[in-house]
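One-letter residues, chain by chain:
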Amino acid sequence: MSDTVSDADRIRNKRLAKLGSQPTPKSDQNGHGTSDEANSVQLPQSTTSSPQEQKDQIKPKINITGTSPSPKPTDNPFAPLGVKERTAAAPQINIKPGTETGMASRKPPVSESGRQTSRGGETLPEFEDKILRGIFRLTLDPSVRTDGHGHSLTFVKSVREELEDQRQPVRLQAAMLDQAILEAASNVSKITPLDYLLACWKRVTGQLKHHKGNRAEEKKLDVLKEARRLCMSYCIFAITMPEEMFGREPSNTSPLLSHLLVDPEDERGICHDFLAEAVSRFPDDDTIETALVGAVEDLSRQLARMTMNDDYKSYVVALRHLVRYPPLVTAIARSPLFAPSSVSASELEATTLLGPFFAISPLQADITSQYFSSPKTRDRVFITNSQRSLRMSLTTHQQDLLDIVNQIIRSDKGARDRMLDWFALCVNKNHKRRALQVDKKLVSSDGFMINVTVCLDQLCEPFMDAQFSKIDRIDTEYLRRQPRVDIKEETKLNMDQNSADQFYEKTAEGTNNFISEVFFLTLAAHHYGTESTNQMLSQLEKDLKRMEKHIEEIEVDRHKWINSPAQLKMFDNAVKKYKDQIDKGLSYKYAVQGVLLDETMQQRSLQFMRYVIVWLLRLVSATNFPKQSIKLPLGSNRSNVFEALPEYFLEDVVGAYRFVMRNMPWTISSTQSDELIILCITFLRNSEKIKNPYLKSGLVTIMFAGTWPAPNRPKGVLGDLLMGMPIATEHLLHALMKFYIEVENTGAHTQFYDKFNIRYEIFQIIKCVWDNSVYREHLDEESKVNVDFFVRFVNLLLNDVTFVLDESLTAFQQIHNLSEELRNPQHLEQAIRQEKEEALAGAKSKAKSYMQLTNETVAMLKLFTEALADAFTMPEIVQRLADMLDYNLDVLVGPKSSELKVENPREYDFQPKALLADIIEIYLNLKRKESFIFAVARDGRSYKPANFEKATSILRLKAKDLMSPEELRAWTALGAMFKKAKEADDQAEEDLGEIPDEFLDPVMATLMTDPVILPTSKSIVDRSTIRSHLLSDPTDPFNRAPLKIEDVVAATELKDQIEAFKAEKRGAKLAEVNIMDTSPG
């Protein structure tokens, strides 16, 4: 050979040498009666051919001899195969004289499978000739080109010529089979050499199975084994070096690719026996491993260009078939395409090996348009059926993905680790999916991430038993032990970034187990996968509404272009383009809903979230929950492990249950509901354990959604449990009231409006459970034992009633005024008209929201005052309550009540007569409390006896159905009490005469009854005044220094002086007045 040998030649030489090193049957095994030397194939040495000359050679020259020594491997590496180097000359066959002459008699051809049994008296050479011709479909007779079944036969001319030259019988034998296979595979037309050889492989494999176990035919079995060995070897050549061996044009894809995509039982398919044999040769020939891995990579590359509309199934089936072989899985996992760390999020599903398989989804753009074409014209039945159809397709595909992943994980530790690396890559690269504004070009698709999440959910199923027997295997130190999940930039539950960084810098000892790896990866997948998609869906629905509104606004201007065809056409094109975007968004919305509203998927997701809930509760309570009950409130001990967890550990739970509560509440089981309620109450009762108020508000939202009526559940999924669970009856009200107070200041720029939405949900939960007297008893006890806490709650409640009613009434005035101005819009300029229309829409939205809050807040106050009259007439509360009621009564029936007229009041849930009746009921709930009656009478701003008379008239004449005659009589009597108390109080005030300034409260300008000294400013105020101030502002009103009610000091000496002054001035005169007696005279 030439000294200059190309890389391709070196590779070829190495492969041929490996094949030639495998043993061939010995003479005593095959019965040929010839020595090994006689059966060996030798090629003349070529010392001058260059690589280019070798490429131009067309036919091998075969030289079979019984005496010549074998050539040196360096002279001709093809010699072990019986193939010599090709030269430009025509092929020559040189056969030395043999012992037999003439042609052997022809035997009938065997069947396609080669399973014809030998007739009695058949010799081994006859069997050998017959079986090899049938398996490889060869003929030594140029006139016979088909067998008895019509199958085409390949005439191996050089083999016949060599047999004739050596005067041997013209019959096939194993010793010359390699030459015959090479010639036949090189000369096939219309099909590739690999097509031909794979069909031969199936036939020889079938023959081996047919003869297996027949000890009487061991020599025949040896013939078949040799045929099988050579067939596999040439299959490998056809895969790894088709150009060198068979003169085929090189291809950009693996020769195996097309064969992997057909059924393994097909002649062209890759069957189990072939793969098993190929894999068994990995230790001896690394080119086989490389070829198979390359084929899998090509499968992935081709699938990356497909969608669910295409024939993707064959690619998935092919990979499922291949991963059944652990050595091959190990090799695949080592592929540089498997989990390249440098890949970007947007490239994951196209360039990683498994990415294209997980990218197949009905959420691919072309698919959504196909399932939901012309979405605005489709009825609900069509949409539902389409969603059901896509769910069925996706579920089948996701099961295939799970099977593939399971096979990879179970093959060996190396492949399992690489599989976990790939999952980690998917979540770690997609942090931007949770950004406020997501650029879809920079992240993986929704369909891809949902498939990843569903697959991980299913991997968790084996360790998620109902008894939580394996929950201890979820390592609490996982995140401190070089975790695969990247949480560095994530906001923590109750720890700032610097503290968290210091905590995680200390690496924990040991190694992470598989259960922990999958658990934490699944949590992350939910956050960046399904929960991110839920978030996207909510935003998409808002965007579609905005776009629809914009279309309406655009259409208003159509008349401007009606006389200009060119401009009208441009206008129509612009509108069409915008409508197409809406259709595209609507199709995608329906597709996403179809995927997410899969009951099986959501049940599996909730099962995982149940484990997350239990794991978090065990961690924060330091108990063996659920075997041990959690006692609230929790202790003051802090868990750094818990506090340093990412917020999404709890956020994912909230998001998953909120979605299911709103869309498919029937999928939630009773056991899941129990643990969910415990989670919500635990973290609301111990709200200091979580830093983010919006995360805690999510817990309220879950319980609120759980009280919505559902089929066969009038109190919703959670209502009945909230009514009776001991932890709920004991702690729910306190937890809700505590958070009602906390949301006054959330720290966000939207906190002022957010708090009302949260408080609305709190009201609904309380209304759901209020029928249970145990709750009322606990609230009464709370008002007596935890006075300051209760007073703060009531103070905020009263503030809310006043504020939301004021805002509602202000909005009604705006609606009235703007509506009047827009009755004749033609007199307004376009810009002014548009501005006023937007202002009117905003006022209507504001009025509706605030009126809803007004109704709910007043209803809540009515419930509380009915059950807790004593608590609401405490000195710290009673005057503010009276002032609020008087003010709202004046608004509803006073001189300015005429300004409340608005068209379609029910559109805003504004029912002034019903609201008036509710406020009067609150008065009546407190009618037996003298402190309340005096408080109403002392309201110098809003108390007006005429308002009570006007309210009575309205209810008697226009709202008889809202109050009974008995209630109206009680209301009339109460008005008389207020009037008499006012007269008595005025007389007492007059009796006091001029009050010394030092006795007056500097804030309220009223006589102090319990003066206290403020520690920093040294100012003296009444205790009720400063207590009321501190409810909304924790500072000294005179110098803004921080202040708590516990810090004030009683001004005992001043109090004694005031009492003495009152006794001197008023004496027994006030005591003689019986304000509770309203009888004549």
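This is a predicted model, so every value here is computed, not measured.

**Some details on the overall build of the chain**
Helix and strand counts for the chain come out as 43 helices and 8 strands. Relative to all contacts within the chain whose residues are 6 or more apart in sequence, the contacts with residues 24 or more apart total 76%.

**Topic: a nonpolar patch on the surface**
Residues Val1003, Met1004 and Phe1038 make up a contiguous nonpolar surface patch of about 280 Å² in total accessible area. Checked against the element boundaries, Met1004 lands in the loop between α41 (965-992) and β6 (1011-1013).

**Quick word on the side chain of Asp457**
With respect to the helices and strands, the residue Asp457 is situated in helix α21 (residues 446-460). This buried residue, Asp457, is left without a salt bridge; Arg604 holds the nearest opposite charge, at 6.1 Å.

**Some thoughts on the side chain of Glu517**
As for its placement among the helices and strands, Glu517 is situated in helix α23 (residues 514-528). Note on Glu517: relative accessible area 7%, which makes it buried. Among residues more than four places away in sequence, those in contact with Glu517 are Leu420, Tyr478, Arg484 and Asn512.

**Describing the sheet that holds strand β7 (residues 1020-1022)**
Pairing between the strands of a sheet is mediated by backbone hydrogen bonds and can be parallel or antiparallel. Across the sheet, 3 strands lie side by side as β7-β6-β8; this open sheet has antiparallel pairing. Edge positions in the open sheet fall to β7 and β8 (1049-1050), since each of these has one partner strand only. Where β6 and β8 come together, 2 bridges link them in antiparallel fashion. Each residue of the ladder has a partner; that of Ile1013, found in β8, is Val1049. Contacting β6, β7 and β8, helix α42 (residues 1023-1030) runs over the sheet at an angle of about 85 degrees to β7.

**Quick look at the nonpolar core**
Counting 312 residues, the largest nonpolar core has Phe136, Trp422, Phe423, Phe872 and Tyr923 as its most contacted members. Among residues more than four places away in sequence, those in contact with Phe423 are Phe358, Val405, Val452, Cys455, Leu456, Leu459 and Leu521. The next biggest cluster of nonpolar side chains, apart from the first, holds 9 residues, and it includes Leu992, Leu1007, Ala1051 and Ile1058.

**Quick notes on the pattern of salt bridges**
Under the counting rule described, the total for this entry stands at 60 salt bridges. Of the charged contacts in the structure, one is a salt bridge between Glu548 and Lys376, with a shortest N-O distance of 3.0 Å. Here Glu548, found in helix α24 (residues 530-555), pairs with Lys376, found in the loop between α18 (365-371) and α19 (380-411); they are 172 residues apart in sequence, far enough to count as distant. Judged by its relative accessible area of 28%, Glu548 falls in the partly exposed class. Residue classification places Lys376 among the partly exposed residues on the basis of a relative accessible area of 45%.

**Re unusual backbone geometry**
Residue Pro626 is reached from Phe625 by a cis peptide bond, and omega for that bond is 10 degrees. Tracing the backbone through its elements, the reader meets Pro626 in the loop between α26 (599-621) and α27 (640-643). Here Leu632 and Pro633 are connected by a cis peptide whose omega angle stands at -5 degrees. When you line up the elements, Pro633 lands in the loop between α26 and α27. One non-glycine residue, Phe468, lies in the positive phi region at around 55 degrees.

**As for the packing of aromatic side chains**
Scanning all chains against the criterion turns up 44 aromatic pairs. When the ring of Phe948 is compared with that of Phe978, the centres are 5.2 Å apart and the planes differ by 55 degrees; the resulting orientation is tilted. Remark: Phe978 occurs in helix α41 and Phe948 occurs in helix α40 (residues 945-958); sequence separation between them is 30 residues. Since its relative accessible area comes to 5%, Phe948 is described here as buried. Members of the aromatic cluster, joined through ring pairs, are Tyr478, Phe519, Phe520, Tyr528, Phe608, Trp615, Tyr648 and Phe649. One residue, Arg378, lies across the ring of Phe382, its end atom 4.2 Å from the ring centre.

**A word on the confidence of the model for the chain**
In regions of low pLDDT, the predicted coordinates are not meant to be interpreted in detail. In the predicted model, the chain carries a mean pLDDT of 85, and 87% of its residues have values of at least 70. Low pLDDT, under 50, characterises residues 1-8; the predicted model gives this stretch 14 contacts beyond four residues in sequence or across chains. For residues 14-119, every residue scores under 50 in pLDDT, and the model assigns this stretch 241 contacts once sequence neighbours within four places are set aside.

**Observations concerning helix α32 (residues 726-742)**
An ideal rise of 1.5 Å per residue puts 24 Å on 17 residues; α32 measures up with 25 Å between its terminal C-alpha atoms. Taking the largest bend as the criterion, α32 deviates by roughly 45 degrees, centred on Leu732. Across the 17 residues of α32, 14 count as buried, placing the element largely inside the fold.

**What to know about the packing of helix α8 (residues 193-211) against helix α12 (residues 272-280)**
One way to put it is that α8 packs onto α12 with a least axis distance of 10 Å and a crossing angle of 95 degrees. Taken together, α8 and α12 sit at an angle that is classed as roughly perpendicular. Each of Leu198, Trp201, Thr205 and Lys209 in α8 lies in contact with α12, whose residues at this interface are Asp273, Phe274 and Glu277. Class assignment for the residues of the contact of α8 with α12 results in 3 nonpolar, 1 polar and 3 charged.

**Focus: the environment of Pro711**
Considering the arrangement of structural elements, one finds Pro711 in the loop between α30 (693-705) and α31 (716-724). On the basis of relative accessibility, which here comes to 62%, the residue Pro711 falls in the exposed class.

**Some remarks on a negative patch on the surface**
On the surface, Glu552, Glu553, Glu835 and Glu838 cluster together into a negatively charged patch. Only α24 and α36 (830-867) provide two or more residues apiece to the negative patch. Positionally, Glu552 belongs in helix α24. The class for Glu552 is exposed, based on a relative accessible area of 55%.

**Thoughts on the state of the cysteines**
Counted by the stated rule, this structure contains 0 disulfides. The thiol of Cys231 is unpaired, and the distance to the nearest cysteine sulfur, on Cys235, comes to 4.3 Å.

**Considering the packing of helix α35 (residues 787-821) against α36**
Following both chains from N to C, one finds α35 and α36 inclined at 150 degrees, their axes separated by 7 Å at the closest point. As the angle between them shows, α35 and α36 are arranged roughly antiparallel. When you trace α35 past α36, the crossing you get is left-handed. When its residues are assigned to classes, the contact of α35 with α36 shows 21 nonpolar, 5 polar and 6 charged.

**Topic: the environment of Glu807**
Mapping Glu807 onto the fold places it in helix α35. You can call Glu807 buried: its relative accessible area is 18%. In this structure, the C-alpha to C-alpha distance between Glu807 and Met851, residues 44 residues apart in sequence, is 8.3 Å. Residues in contact with Glu807, not counting those within four places in the same chain, are Lys846 and Tyr850.

**Regarding the environment of Gly716**
Along the chain, Gly716 turns up in helix α31. Given the relative accessible area of 2%, Gly716 is considered buried. A sequence separation of 12 residues divides Gly716 from Phe704, and the C-alpha atoms of the two residues are 9.3 Å apart. Residue contacts for Gly716: discarding those within four places in its chain leaves Gly706, Thr707, Trp708, Pro709 and Ala710.

Rules used in this analysis
Here the residue index of a chain counts from 1 through its sequence in written order. Whole-chain, interface and lining totals are the exception, using all residues; otherwise, since this is a predicted model, local features are given only for residues with pLDDT of at least 70 and side-chain atom pairs are given and counted only at 80 or more. Hydrogen atoms and water are omitted, and side-chain values are computed over all heavy atoms in the structure. Only DSSP runs of H or I with at least four residues qualify as helices, and only runs of E with at least two residues qualify as strands; both kinds are numbered from the N terminus onward. We call two residues contacting when some pair of their heavy atoms lies within 4.5 Å. The residues that make up patches have over 30% relative accessible area and no salt bridge, and they are joined within 9 Å when like-charged or within 5 Å when they are Val, Leu, Ile, Met, Phe, Trp or Tyr. Residue-level accessible areas treat just the shown protein chains as cover; the underlying method is Shrake-Rupley with a 1.4 Å probe. What counts as a salt bridge is simple: a side-chain nitrogen of Lys or Arg found within 4 Å of a carboxyl oxygen of Asp or Glu. Three labels apply to residues, based on accessible area from a 1.4 Å probe with only protein chains included: buried if under 20% of the type maximum, exposed if over 50%, partly exposed otherwise in between. Within this scheme the basic residues Lys and Arg register as positive and the acidic residues Asp and Glu register as negative, but His and the chain ends are omitted. Any two strands with at least two DSSP bridges between them are considered paired. Working convention: axes come from line fits to C-alpha atoms, limited for helices to the stretch in contact. Angles between N-to-C directions cover 0 to 180 degrees. Within this scheme, the nonpolar core is defined by two criteria: the residues are buried Ala, Val, Leu, Ile, Met, Phe, Trp, Tyr or Cys, and they are joined through side-chain atoms within 4.5 Å. Aromatic contacts are taken between Phe, Tyr and Trp rings whose centres are within 6.5 Å, Trp giving its six-membered ring; a plane angle under 30 degrees counts as stacked, one over 60 as edge-to-face, and the others as tilted. Comment: the charge-over-ring label is applied if NZ (Lys) or CZ (Arg) is within 6 Å of the ring centre and within 35 degrees of the ring normal. Confidence per residue, as judged by the predictor, is encoded in pLDDT with a range of 0 to 100. Residue count minus one, scaled by 1.5 Å, sets the expected span of a helix. Axes are fitted to the seven residues ending at a residue and to the seven starting at it; the angle between these axes is taken as the bend at that residue. Under this scheme an angle from 65 to 115 degrees is roughly perpendicular, one under 35 degrees roughly parallel, and one over 145 degrees roughly antiparallel; angles in between are oblique. Residue classes follow a fixed rule: Ala, Val, Leu, Ile, Met, Phe, Trp, Tyr, Cys and Pro count as nonpolar, while Asp, Glu, Lys and Arg count as charged, and any other residue, Gly among them, counts as polar. Every charge is mapped to an atom, namely NZ of Lys, CZ of Arg, CG of Asp or CD of Glu. Pairs of cysteine sulfur atoms within 2.5 Å are identified as disulfides in what follows. Handedness of each helix crossing follows the sense of rotation of the near helix against the far helix: counterclockwise by less than a right angle gives left-handed, clockwise gives right-handed.

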